[in-house]
Amino acid sequence: MTIAVTAASGQLGRQTVRSLIALSSDESVIGLARTPAKASDLGVDVRPGDYDAPDQLKSSLEGVDTLLLISGIAAPQERVEQHRNVIAAAVSADVKKIVFTSIQGPEEGTEFSEIVQSNRQTEADIRSSGINWLIGRNGIYIDPDVDYIETYRTTGMIANSAGDGRCGYVTRSELSKAYAQLLTSSAHDNKILELNGEPITQRQLADYLNTGFGTQLTYQEMTPEQFKQDRIAELGEFFGPIIAGIYDGIRLGANDTEGDFETVMGRPHVSWQDYFEQFANSPT
């Protein structure tokens, strides 16, 4: 079987290719990337994979049996059309199965909701394509909170509008292993799966970060409007409201799901205690 992974030069795509290689030697793995040279270190065949180039996509998908479509990052309507280009190319190339990396989140009521709705549209497009399908709805990545640790250390707090809402975070590493499993098995075909770890609050997140990095962080709740303006000041008028909307969704309970990770992997997602202790035990 030949498996192709889109966005292979990105963080999730790169890790999924490596997880596929580690999982099995029976499948042939192909990477697709807008700029193939950026994924040349993966040790697999890397083909052009620009979501805005339908003919290129069709050519690159020739001979592919199973495709992982990693959600794009464009504005919502543009993203829907880009995904449709990939789906149409897969149909034309006689791909047998599409796995889509969708997202968890509020489908209405926040400034992240339009992004969620665009992914729900892609889910519907895939289900109506006539190809076997599988949809993974990813939890919010916890990795950026680790990357942000020096800023947290400077301010002494995590501050956002999530309040007491619980979030089923996920690590890219664990997610890549789950997708490798889903790409090489038909056990969950034609299902929608929630892929996340144990849901936790922002106060619990602060405690775990303290465990891993020796900080003394506290959680400071902000109003939605305060946090939106804070994010706009740092990230700009496009991404700022989106990030604020993610945390509004957490506050509203849209990310509080026990998830299907154990169903997919036969084991729970790595515990947050174990995940953060690895940083405490890492050489400085």
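Structure: see above.
Residues numbered from 1 in each chain as written. Predicted model: local features only at pLDDT ≥ 70, side-chain atom pairs only at ≥ 80, totals over all residues. Heavy atoms only, no water.

Novice: Just checking my understanding: could you explain the pattern of salt bridges for this structure?
Specialist: Under the counting rule described, the total for this entry stands at 23 salt bridges. Of the charged contacts in the structure, one is a salt bridge between Asp125 and Arg84, with a shortest N-O distance of 2.8 Å. Remark: Arg84 occurs in helix H3 (residues 76–92) and Asp125 occurs in helix H4 (residues 113–127); sequence separation between them is 41 residues. Taking the relative accessible area as the measure of exposure, Asp125 reaches 14% and is therefore buried. Note on Arg84: relative accessible area 32%, which makes it partly exposed. Three or more residues are tied together by salt bridges with common partners; here these are Glu107, Arg120, Glu123, Arg127, Arg137 and Glu194. (Salt bridge = Lys/Arg side-chain N within 4 Å of Asp/Glu carboxyl O. Helix = DSSP H or I, 4+ residues; strand = E, 2+ residues; numbered from the N terminus. Buried < 20%, exposed > 50% of the residue type's maximum accessible area, 1.4 Å probe, protein only.)

Novice: I keep staring at the environment of Val64 and nothing clicks. Help me out?
Specialist: Tracing the chain through its elements places Val64 in the loop between helix H2 (54–60) and strand S4 (66–70). Distance in space between the C-alpha atoms of Val64 and Ala4 is 6.4 Å, their sequence separation being 60 residues.

Novice: What is the right way to read the sheet that holds strand S6 (residues 132–138) from this model?
Specialist: Working definition: the strands of a sheet are paired by backbone hydrogen bonds and lie parallel or antiparallel to each other. The 7 strands lie next to each other as S3-S2-S1-S4-S5-S6-S8, forming an open sheet whose pairing is parallel. Of all the strands in the sheet, the pair left with one neighbour each is strand S3 (45–48) and strand S8 (192–195). Put simply, the sheet's adjacent strands are angled 20° from each other on average, direction ignored. The pairing of strand S1 (residues 2–5) with S4 spans 3 bridges and is classified as parallel. Note on S4: the bridge partner recorded for Ala4 is Leu67. Lying on the sheet, helix H1 (residues 11–23) is in contact with S1, strand S2 (28–33), S4, strand S5 (97–103) and S6; it crosses S1 at an angle near 160°. Where helix H7 (residues 172–183) meets the sheet, it contacts S1, S4, S5, S6 and S8, and its direction lies at approximately 155° from that of S5. (Pairing = 2+ DSSP bridges. Axes fitted to C-alpha atoms, helices over the stretch in contact; angles between N-to-C directions. Contact = heavy atoms within 4.5 Å.)

Novice: What should I look at first to understand the nonpolar core in this one?
Specialist: Soluble globular proteins tend to bury their nonpolar side chains together. Of all hydrophobic cores here, the largest spans 48 residues; its most connected members are Leu61 and Leu69. Here the element with the most residues in this core is H7; it accounts for 6 residues. Contacts of Leu61, omitting those with residues within four sequence positions, involve Ala4, Leu32, Leu67, Val86, Ala89, Ala90, Ala93 and Val95. Counting 30 residues, the second-largest nonpolar core is a separate cluster that includes Ile142, Ala206, Leu209 and Phe227. (Core = buried A, V, L, I, M, F, W, Y, C linked by side-chain atoms within 4.5 Å.)

Novice: Can you help me understand helix H11 (residues 272–280) in this one?
Specialist: Structurally, the α-helix is built with 3.6 residues per turn, so residues lying three or four positions apart point the same way. Turning to H11, its buried residues are Trp272, Tyr275 and Phe276. The buried residues of H11 occupy an angular sector of 85° when the element is viewed end-on, so they sit on one face. For H11, the elements touching its buried residues are helix H5 (143–147) and helix H8 (202–213). (Arc of directions from axis to C-beta.)

Novice: Looking at this structure, how should I read the side chain of Ser176?
Specialist: Here Ser176 shows up in helix H7. The class of Ser176 is buried, set by a relative accessible area of 2%. Reaching out from Ser176, the side chain makes a polar contact with the backbone oxygen of Ser173 at a distance of 2.8 Å. When near neighbours in sequence (up to four residues on either side) are disregarded, Ser176 contacts Leu12, Gln15, Thr16 and Ser19. (Polar contact = N/O pair within 3.5 Å; in protein donor to acceptor, adjacent residues only side chain to side chain.)

Novice: Explanation requested: the packing of H1 against H7 in the structure shown.
Specialist: Packed helices, taken two at a time, are described by the angle between their axes plus the distance between the axes. Running from N to C, H1 and H7 point in directions that differ by 55°, and their axes come no closer than 8 Å. In terms of orientation, H1 and H7 fall into the oblique class. In this structure, the crossing between H1 and H7 has a hand that is right-handed. Contact with H1, carried on its side by Gln11, Leu12, Gln15, Thr16, Ser19, Leu20 and Leu23, involves Arg172, Ser173, Leu175, Ser176, Lys177, Tyr179, Ala180, Gln181 and Leu183 of H7 and no other residues of that element. For the contact of H1 with H7, the residue count by class is 7 nonpolar, 7 polar and 2 charged. (Parallel < 35°, antiparallel > 145°, perpendicular 65-115°, else oblique. Left-handed = near helix turned anticlockwise from the far one by under 90°. Nonpolar A, V, L, I, M, F, W, Y, C, P; charged D, E, K, R; others polar.)

Novice: Honestly, the pairing of S4 in this entry has me stumped. Any pointers?
Specialist: Here S4 lies mainly inside the structure; 5 of its 5 residues are buried. Neither face of S4 is open: one carries Thr66, Leu68 and Ile70, the other Leu67 and Leu69, and all of them are buried. Relative to S5, S4 runs parallel, the two sharing 5 bridges. Among the inter-strand pairings, Leu67 is bridged to a residue of S5, identified as Ile98. Since S4 and S5 lie parallel, the crossover through H3 that links them has a hand, and here it is right-handed. (Right-handed = clockwise from strand over helix to strand, strands pointing away.)

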